[in-house]
Amino acid sequence: MIFKIVTLFLVGMGILAMIGKLTYPGKKRLESAKCRKCGRYRIGKGPCPCQKKG
């Protein structure tokens, strides 16, 4: 009985993961927050550290 419950739970979580991967909310916003040169996430409104001249 416990095996059935665990199996159904894992199958349900797998289905939710597949649906979530297809319709990930905020995906465009995360992609726009990355630096185009180095690919790191920018924090705040300033330029990326790779673009700063120090």
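Before reading further, recall that the structure is shown in the block above.
Per chain, residues are indexed from 1 in the order of the written sequence. For a predicted model such as this one, the threshold for reporting local features is a pLDDT of at least 70, and the threshold for listing and counting side-chain atom pairs is 80 or more; totals across whole chains, interfaces and linings nevertheless cover every residue. No hydrogens and no water enter the side-chain calculation; it runs on all heavy atoms of the structure.

**Points about the overall build of the chain**
Here is step 1 of the chain: Only DSSP runs of H or I reaching four residues or more are called helices, and only runs of E reaching two or more are called strands; each is numbered from the N terminus. The secondary structure content of the chain amounts to two helices and zero strands.
Here is step 2 of the chain: Whether a residue is buried, partly exposed or exposed follows from its accessible area with a 1.4 Å probe, protein chains only, as a fraction of its type maximum: under 20%, in between, or over 50%, in that order. When each of the 54 residues of the chain is scored for burial, the buried share is 4%.
Here is step 3 of the chain: Per-residue accessibility takes into account occlusion by the displayed protein chains alone, with areas from the Shrake-Rupley method and a 1.4 Å probe. Summed over all atoms, the accessible surface of the chain reaches about 5,500 Å², with 67% contributed by carbon and sulfur.

**Here's the deal with helix H1 (residues 2-22)**
Here is step 1 of the chain: By this rule the span expected of a helix is its residue count minus one, scaled by 1.5 Å. Across its 21 residues, H1 extends 31 Å between first and last C-alpha, which sits within 8% of the 30 Å expected from 1.5 Å per residue.
Here is step 2 of the chain: Within H1, only zero of the 21 residues are buried, which leaves the element largely exposed.

**Description of the environment of Ile-43**
Here is step 1 of the chain: As for its placement among the helices and strands, Ile-43 is situated in the segment after helix H2 (27-32).
Here is step 2 of the chain: C-alpha separation for the pair Ile-43 and Ala-33, spaced 10 residues apart in sequence, amounts to 7.8 Å.

**Structural notes on the state of the cysteines**
Here is step 1 of the chain: We call a pair of cysteine sulfur atoms a disulfide when they lie within 2.5 Å. Tallying each qualifying case throughout the model produces zero disulfides.
Here is step 2 of the chain: Between Cys-35, a free cysteine, and Cys-50, which holds the nearest cysteine sulfur, the sulfur-to-sulfur gap is 3.6 Å.
Here is step 3 of the chain: With no disulfide of its own, Cys-48 lies 3.6 Å from the sulfur of Cys-50, the closest cysteine sulfur.
Here is step 4 of the chain: A relative accessible area of 1% places Cys-48 in the buried class.

**Focus: a nonpolar patch on the surface**
Here is step 1 of the chain: The patches reported here contain residues having more than 30% relative accessible area and no salt bridge. Joining distances are 9 Å for like charges and 5 Å for nonpolar side chains (Val, Leu, Ile, Met, Phe, Trp, Tyr). Take a side-chain nitrogen of Lys or Arg and a carboxyl oxygen of Asp or Glu: if they are within 4 Å of each other, that pair is a salt bridge. Residues Ile-2, Val-6, Phe-9, Leu-10, Met-13 and Leu-16 make up a contiguous nonpolar surface patch of about 640 Å² in total accessible area.
Here is step 2 of the chain: For Val-6, the position within the fold is in helix H1.
Here is step 3 of the chain: Accessibility expressed as a relative area gives 41% for Val-6, which makes it partly exposed.

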